[in-house]
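# Coordinates in review
One letter stands for each residue in the lines below.
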Protein chains: 4
Amino acid sequence: MSNTFGTLFRITTFGESHGPGIGVILDGCPAGLAVEAADIQAALDRRRPGQSDLTTPRKEADQVEIQSGIFGGYTTGTPISLYIRNQDQASHDYSHIEHAYRPSHADYTYDQKYGRRDYRGGGRSSARETAARVAAGAIADKLLAQYGIVVRSYVSQVGAIAVPVGYEQLDLNLIDSNTVRCPHPETAERMTDLIRQVRDRHDTVGGLVTGVVTGVPAGLGEPVFDKLHAELGRAMLSINAVKGFEYGSGFAGTLLFGSEHNDAFYTDEAGAVRTRTNHSGGIQGGISNGQDIYFRVAFKPVATILQPQQTLNDQNEEIMLAGRGRHDPCVLPRAVPIVDAMTSLVLADMLLRARANKVK
Amino acid sequence: MSNTFGTLFRITTFGESHGPGIGVILDGCPAGLAVEAADIQAALDRRRPGQSDLTTPRKEADQVEIQSGIFGGYTTGTPISLYIRNQDQASHDYSHIEHAYRPSHADYTYDQKYGRRDYRGGGRSSARETAARVAAGAIADKLLAQYGIVVRSYVSQVGAIAVPVGYEQLDLNLIDSNTVRCPHPETAERMTDLIRQVRDRHDTVGGLVTGVVTGVPAGLGEPVFDKLHAELGRAMLSINAVKGFEYGSGFAGTLLFGSEHNDAFYTDEAGAVRTRTNHSGGIQGGISNGQDIYFRVAFKPVATILQPQQTLNDQNEEIMLAGRGRHDPCVLPRAVPIVDAMTSLVLADMLLRARANKVK
Amino acid sequence: MSNTFGTLFRITTFGESHGPGIGVILDGCPAGLAVEAADIQAALDRRRPGQSDLTTPRKEADQVEIQSGIFGGYTTGTPISLYIRNQDQASHDYSHIEHAYRPSHADYTYDQKYGRRDYRGGGRSSARETAARVAAGAIADKLLAQYGIVVRSYVSQVGAIAVPVGYEQLDLNLIDSNTVRCPHPETAERMTDLIRQVRDRHDTVGGLVTGVVTGVPAGLGEPVFDKLHAELGRAMLSINAVKGFEYGSGFAGTLLFGSEHNDAFYTDEAGAVRTRTNHSGGIQGGISNGQDIYFRVAFKPVATILQPQQTLNDQNEEIMLAGRGRHDPCVLPRAVPIVDAMTSLVLADMLLRARANKVK
Amino acid sequence: MSNTFGTLFRITTFGESHGPGIGVILDGCPAGLAVEAADIQAALDRRRPGQSDLTTPRKEADQVEIQSGIFGGYTTGTPISLYIRNQDQASHDYSHIEHAYRPSHADYTYDQKYGRRDYRGGGRSSARETAARVAAGAIADKLLAQYGIVVRSYVSQVGAIAVPVGYEQLDLNLIDSNTVRCPHPETAERMTDLIRQVRDRHDTVGGLVTGVVTGVPAGLGEPVFDKLHAELGRAMLSINAVKGFEYGSGFAGTLLFGSEHNDAFYTDEAGAVRTRTNHSGGIQGGISNGQDIYFRVAFKPVATILQPQQTLNDQNEEIMLAGRGRHDPCVLPRAVPIVDAMTSLVLADMLLRARANKVK
């Protein structure tokens, strides 16, 4: 069941990097939601390899097929099956890693856990699995749209190059105005240069994605263990290469005193309840308070580098191994739609769960 | 079900801060584990209020009662019910917050979600709930001991005062040698001074807890969504006042290049598989690789401060409100046993789940 | 987790027959439901031992204590903990079954599964555990009442003595008018005589309970696996001594042809959709259709008889064993409130789950 | 999540009768199990339409495609996706039921629940969904074979024609020796004649399937709610057209007295623990005791009959409706592999769950 995520709005993904294909079953999507393949394809195209010179040049059309659950243009309440065939499948030679353990990859741990593994392109441990999440996330996003909830994320740091201002000072409509998906144009250019340099010296670089959710009504999130930020954190940490998660004031908030950190409540002109600061990140006691939700996700540099590295084979013999083929020098640009998808999936689930909070 | 945590080794907690008591049902603990009330009490005593001048002077004996699941000194495989009566219960006047929303507390969000709340001492949103987790964690810890797995955590930062070295350069046996639970004596003293200053000016301060798990066999953790670090992150983020989680190289790792970040495999003298560095934090692809697991948890400063603050009442009228009674100026020292407990609960669950990985 | 039942309206029970007590945590009850201890006690009193000469004379007050989740007379949305102390606890000598396997009891299977067991009065396998279900069921019943859903069950057969007519020809208000809980007075008398005869010859007898649910709106029940009747069946089969479940036309329906079995739809004077017959038992495709739901549950004769029987001890040596103490000659009268409780729990859960069926 | 079955060995099915196809994701199958498409196809061929003159002549090859989870002939521990394309898909005209509610079908209830439905051939409510279960069940069966557990079921009654002896007096190797799947040749012939008569008068008939599981070790099944027979019952009741379930002595057992019903323990020549009778059906307290497990499942007559019936349309207007096309006059022969599959799925799940019963 470790391949299932969500309680009421629930996905189960399957597929290996170089098997016939990957896919997802979305169970629990309410009936009556208008969904077209084009909605899903648009999300997949943002994650697709080969979309720019900053990503792997590998070609995958990532065409989605809807196999069930949608009839006459609307969801029917039955499981929605989305399938993406692997095109780039047969074409490679993976014999060099059949018996080798790539450093900081999952080859060794899968072998230890299962006694065998599909070694082709990382098999199940490949980030290709996230395409299935993005497909399902597009449907979650359509559900959230019915409630005015908007989910967006962007690249806020690559290596040491960071956006100098907070999300509220950015025009998030600019996220897709450049290939690195950073809505701060000058910073986006510097990030792009860095990624190209790193790529050219056969190395990789990490960074941060910032997520922002607006229009969230107060009351989403289930205490005690399924706090809204705990589910968001788990969702982000389940994405390949993620090493950390923080929301609201996050790690920096530990440097403030309580008198500085507390968010004072007030009512705005419209009589709406607001807070003067938002160190809480829109979540108090694990439940949304109606303010913006924001968080940051740390991605490590991609483990596959086109340089020789010392490692072991499955006989525990020391060998030298270098990555081959076409890989991303930086996952951040393609990570944005994945962060969007996981955020939407968590919120859609919490939206449905909240319907059981009161007697009527 | 949001009050349940774990898949096979599973806890459900209940109780409010000032109701009759709090407790936990542990379902799924294997039969044949020797457990005494004293084992559980020892863990509770580390979390107990009034244990030092750095914590709330509130008096709670936190005596645990075993109501089921243990017979003749051993677990029987049936649910283990642990109950802790609230002693300090009736004694307070909470009328000042019956209709007021304390800044950065869960009063407002609970009202929005449920339409009502037990306002006495925060009710269900009080960190008192974590005593139930600590009680169950003590049993998880006994299970892990059967496998040589050792879970420890300590206070690594308070405000801006941080332990200057990594966990591997510390003697973790010194954690309980001081009341702040920092195994670096000089730093512990400076942390203690800071907490006292903050307390005396009626303010609060946050910080970091570092968790370390040794003796973990390779193969624990369930891809894709239930990655070991994702479950640890979710567990930590479910603890009151936590704002962030990172494991291994964490956020700092985003500043390294892939060629610097990758952990090279080698075999030690004993022929065991090791990595030369451990930026992976003992987890690769969501599965333990046999190296030490370590992570950091960010705690915000306690929201209850004994100073007047501007806020709203449940009529949305602006009011001034000051905390009353006895509160912790810094939760870090008492957070250590909670982090220990949640870590042990995650590992015990993963230990049992891993038994289903192979055909035989 | 095998001690948890339900998805959104969810109970977890704990406790052994002769431990300190038994209890239940109800997680997921919506906030705002008026609940008093008296509501729960009334249900427990129907299941209580010693209530008539047809049941065990064992004395248990079964006084319920509410430990959490209810504040100011209303549910708060937090877990509701209900606890029942065992009074009759210490008083017995169970040494005769410490090492013996009672025929058709769970002594042998618990030993095989767990390697040890609490042998006092059957420990966890005792039907005493069902008191916890009845307590939680009383709260489910209050939720259903908000929607006009009424759950009732009665004893329809004891041994070979059966009620000669269907439920629709009975006045179900007469269920508690006699101690056997059969709303057909003449049959109730004959059942009573049979139970007394059986009791006097130190034997036991089984029978059937018929359950009826009225006022159920169309649309409850979740295909494919969580069909309403599948959940009801599972719930009933989880009750001690139950050997079979059928709903609507049940086993007898297999003797009809399709042309006889199909329920023709029509609209009544009020314009409501009805069926001319109800072989479907109010459920079609696993979803309620608005007609009455009815089903039958088969209970075997109690395994504990006060006669010597041949069996084995835990050394696999053949021994003679006779039941001691005070036992029920027939569980049917006390099974009625248990069937009621499990039915209410299933419907309350389905009621909440159905809230997620449509987009808005 | 209502389309998911199982806890550790877990399936999620998807697909509609006349959509692109149907399928299943099996998550939690242990790594290292040898599985070929042929193993799965053999099971599907037993359920396939058009296999004999007793079933619908509709042509569906039901060719299975393995999309993930199996590499080099062995399971890898990752999700196994099995897909079956619908061939007979486009070819029909379903306009006559687009707005009509077929009696005793799920058309009306799906509309009430979801506000819309895929009306083509019943859409999701069609028994075609069970092909996905059969495919997954074939893999469960291979896992059970590793432990010597053998699952078999057969048609024990059609209409009023019943096998006159118990399963232990039958040669279960004869199950597939006739098209009705009854191992009692004379009875099989009479059943066949009845089904042909019923078919020729455009009617349908129901009956019983008896399930038998041998080689089950003692200790499978999880008290309290997940009793082995409760999970089997739920599994059977989730199959289309099932109206009842009983195990061991079942409903007939209610006519016995305790002194007749109890199963006396003894040890056989080999020193194995046995019971002299098996009214318990191999399950005591919800846990297997090592004796044969047997149960009976009641199937109603198929609701689709080729005769005009009175019913309503979605405007609640009374109309006459007659079934069209090609349907099964009796589902029993094709139900056998479905009962086998659900039985194997329950046992495989319990086998894995039991691994967590003891500390080591």
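Scroll up to find the structure.
Here we summarise the structure given alongside this text.

Here is what the cut-offs are and how they apply
What you see as residue numbers is a count from 1 along each chain, following the sequence as written. The lettering of chains begins at A and the numbering of ligands begins at 1, in the order of writing. Totals for whole chains, interfaces and linings use every residue, but because this is a predicted model, local features are given only for residues with pLDDT of at least 70 and side-chain atom pairs only at 80 or more, for both listing and counting. Only hydrogens and water are removed before side-chain values are computed, so all heavy atoms of the structure are retained for them. Any pair of residues with heavy atoms lying within 4.5 Å of one another is described as a contacting pair. Two parts placed together each lose some accessible area under a 1.4 Å probe, and adding up what both lose gives the buried area. Here, a salt bridge means any Lys or Arg side-chain nitrogen found within 4 Å of an Asp or Glu carboxyl oxygen. Only the stretch in contact is used when a helix axis is fitted, and all axes are lines through C-alpha atoms; the angle between N-to-C directions ranges over 0 to 180 degrees. Here a strand is any run of E in DSSP of at least two residues, a helix any run of H or I of at least four, and the numbering for each starts at the N terminus. Throughout, the term roughly parallel applies to angles under 35 degrees, roughly antiparallel to angles over 145, roughly perpendicular to angles from 65 to 115, and oblique to all others. The residue classification treats Ala, Val, Leu, Ile, Met, Phe, Trp, Tyr, Cys and Pro as nonpolar and Asp, Glu, Lys and Arg as charged. All others, Gly included, are polar. The copies were overlaid with a least-squares fit restricted to C-alpha atoms from residues scoring a pLDDT of at least 70 in each copy. A pair of strands is labelled paired if DSSP reports no fewer than 2 bridges between them. Remark: exposure states derive from per-residue accessible area (1.4 Å probe, protein chains only) relative to the maximum for the residue type, with buried under 20%, exposed over 50%, and partly exposed in between.

## Structural notes on the interface of chain C and chain A
Put simply, an interface is often sized by how much accessible area is lost when its parts join up. Between chain C and chain A, the residue contacts involve 15 residues of the former and 15 residues of the latter. Between chain C and chain A, the buried area comes to about 1400 Å², and carbon and sulfur atoms account for 59% of it. Looking only at chain C, the three residues that lose the most surface to chain A are Arg355, Ala356 and Val359 of chain C, adding up to 42% of its buried area. Taken together, the links from chain C to chain A amount to 0 salt bridges.

## A word on the interface of chain A and chain B
Listed by partner, the interface residues are 106 residues for chain A and 107 residues for chain B. Together chain A and chain B conceal approximately 8100 Å² of surface at their shared face, both sides included; 59% is due to carbon and sulfur atoms. Broken down residue by residue, the surface that chain A buries against chain B is led by Lys113, Phe225 and Lys243 of chain A, which jointly contribute 11%. The interface formed by chain A and chain B includes 8 salt bridges.

## Some details on the packing of helix α1 (residues 37–47) of chain B against helix α8 (residues 332–353) of chain B
Residue and element names in this part refer to chain B. Close contact between α1 and α8 brings their axes to 7 Å; oriented N to C, the two are set at 140°. Looking at the two axes, α1 sits oblique to α8. Seen from α1, the contacting residues are Ala43, Arg46 and Arg47; seen from α8, they are Arg334, Val336, Pro337, Ile338 and Asp340. Tallied by class, residues from the contact of α1 with α8 come to 4 nonpolar, no polar and 4 charged.

## Considerations on the relation of the copies chain C and chain A
Relative to chain A, chain C is turned by 180° and slid 0.0 Å along the rotation axis, the superposed coordinates differing by an RMSD of 0.0 Å. Expressed as a symmetry operation, the mapping of one chain copy onto the other fits a two-fold axis. Using C-alpha coordinates, one finds that chain C approaches the rotation axis most closely at Arg355 of chain C, a distance of 3.2 Å.

## Section: the sheet that holds strand β2 (residues 10–15) of chain B
Residue and element names in this part refer to chain B. Taken in spatial order, the 5 strands make up an open sheet running β1-β2-β3-β7-β4, and their pairing is antiparallel. Pairing within the sheet leaves two strands with one partner each, and these edge strands are β1 (4–5) and β4 (64–68). Pairing analysis gives 6 bridges linking β2 to strand β3 (residues 21–27), with the strands arranged antiparallel. Bridging from a neighbouring strand, Thr12 pairs with Ile25 of β3.

## Observations regarding the pairing of strand β16 (residues 293–299) of chain C
Residue and element names in this part refer to chain C. In terms of burial, β16 is a largely internal element, 6 of the 7 residues being buried. Sheet topology places strand β10 (residues 207–214) next to β16; 7 bridges connect them, and they run antiparallel. The partner of Thr210 across the bridge, within β16, is Arg296. When strand β11 (residues 242–247) meets β16, the two strands line up antiparallel, connected through 5 bridges. Within β16, the residue paired with Phe245 across the bridge is Val297.

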